[in-house]
Amino acid sequence: MADTKQAERRAARLARQIQAFSGKHGGAEGQLAHIGQAGTRIVLVGEDGGWGDLVAPSYEIAQAAAEKAGLTLHEEFDGEFAAKVVTGRYEWTRMAGIQLGGPANA
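Since the model is a prediction, treat every value here as computed from it, not as a measurement.

### Some words on the overall build of the protein
Tallying secondary structure elements over the protein gives four helices and four strands in all. Going residue by residue from the N terminus, the α and β elements of the protein occur as α-β-β-β-α-β-α-α. Counting every position in the protein, which comprises 106 residues, the buried fraction comes to 31%. For the protein, the computed accessible surface area is about 6900 Å², with 52% contributed by carbon and sulfur atoms.

In structure tokens form, the structure reads like this:
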């Protein structure tokens, strides 16, 4: 019983965070991705191209949070969905720094 209530509270907290992200970015869509023992990543992509993620301790909690928040979920992070993501200088220099030995971000 305590575990159920704790899971409900966690889902509600994540739902509030999803709604806050959505409000800041003109709406949002998402995708749930298993990340092993760490749980499930909730990938968020805003209507303005902003993106972020949250981690839920389980797939069930992530799914409940998405439902509570009214988040439209994609089965995969496919090309059409990924194309909505807008990246900036930070992401490009960070990726280049990691992949090509380029400058590190401060």
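Here the narrative resumes.
### Considerations on the sheet that holds strand β4 (residues 72-74)
Read from one edge to the other, the open sheet built from four strands follows the order β3-β2-β1-β4, with strand pairing classed as mixed. The strands lining the two open edges of the sheet, one partner per strand, are β3 (51-56) and β4. Between one strand and the next, the sheet's axes are offset by a mean angle of 30°, whatever the strand orientation. Most of the contacts of helix α2 (residues 59-69) go to strand β1 (residues 28-34), to which it runs at about 170°, and overall it touches β1, β2 (40-46), β3 and β4.

### A short note on the pattern of salt bridges
Summed over all chains, the structure comprises two salt bridges. We note a salt bridge from Glu29 to Lys84, for which the minimum N-O separation is 2.5 Å. Taken together, the positions of Glu29 in strand β1 and Lys84 in the loop between α3 (79-82) and α4 (89-100) put the pair 55 residues apart, joining distant regions of the chain.

### So, the pairing of β2
Across the seven residues that make up β2, a large majority, six, are buried. Where β1 meets β2, seven bridges bridge the pair, whose relative direction is antiparallel. Bridge assignment links Gly30 to a residue of β2, and that residue is Leu44. In this antiparallel pair of consecutive strands, β1 and β2, the connection spans five residues, and Gly36 shows a positive phi of 75°. Judged from the six bridges that link them, β2 and β3 form a sheet pairing that is antiparallel.

### A few points about the nonpolar core
General note: in soluble globular proteins, nonpolar side chains tend to be found buried as a group. The biggest cluster of nonpolar side chains holds 17 residues, and the ones touching the most others in it are Leu14, Ile18, Ile42, Leu44, Leu54, Ala56 and Leu71. Sorting the residues of this core by element identifies α1 (2-24), β1, β2, β3 and α2 as the ones contributing at least two each. In this structure Leu71 touches Ile18, Ala28, Glu29, Gly30, Ile42, Leu44 and Ala66, once residues within four positions along its chain are discounted.

### A closer look at the environment of Gly30
Of note, Gly30 is situated in strand β1. As for Gly30 and Gly46, which are separated by 16 residues in sequence, their C-alpha atoms are 8.7 Å apart. Contact partners of Gly30, with chain neighbours within four places excluded, come to Val43, Leu71, Thr72, Leu73, His74 and Phe81.

The rules we used
Numbering of residues starts from 1 in every chain and runs along the sequence as written. Predicted model: local features are reported for residues with pLDDT of at least 70 only, side-chain atom pairs are reported and counted for 80 or more only, and whole-chain, interface and lining totals are derived from all residues. Excluding hydrogens and water, the side-chain figures rest on all heavy atoms present in the structure. Labels follow the DSSP assignment, with helices taken as runs of H or I lasting at least four residues and strands as runs of E lasting at least two, numbered in each case from the N terminus. Partly exposed residues are those whose accessible area sits between 20% and 50% of the maximum for their type, while under 20% is buried and over 50% is exposed, using a 1.4 Å probe and protein chains only. Throughout, the Shrake-Rupley method with a 1.4 Å probe supplies accessible areas, and for residues the shown protein chains are the sole cover considered. One bridge is not enough; two strands pair if DSSP finds at least two bridges between them. Orientation is described by axes fitted as lines to C-alpha atoms, over the contacting stretch for helices, and by angles from 0 to 180 degrees between their N-to-C directions. Note on definitions: a residue-residue contact is assigned when non-hydrogen atoms from the two residues lie within 4.5 Å. When a carboxyl oxygen of Asp or Glu is within 4 Å of a side-chain nitrogen of Lys or Arg, the pair counts as a salt bridge. Remark: nonpolar core denotes a set of buried residues (Ala, Val, Leu, Ile, Met, Phe, Trp, Tyr, Cys) joined through side-chain atoms within 4.5 Å.

Coordinates in, geometry out; function isn't part of it.
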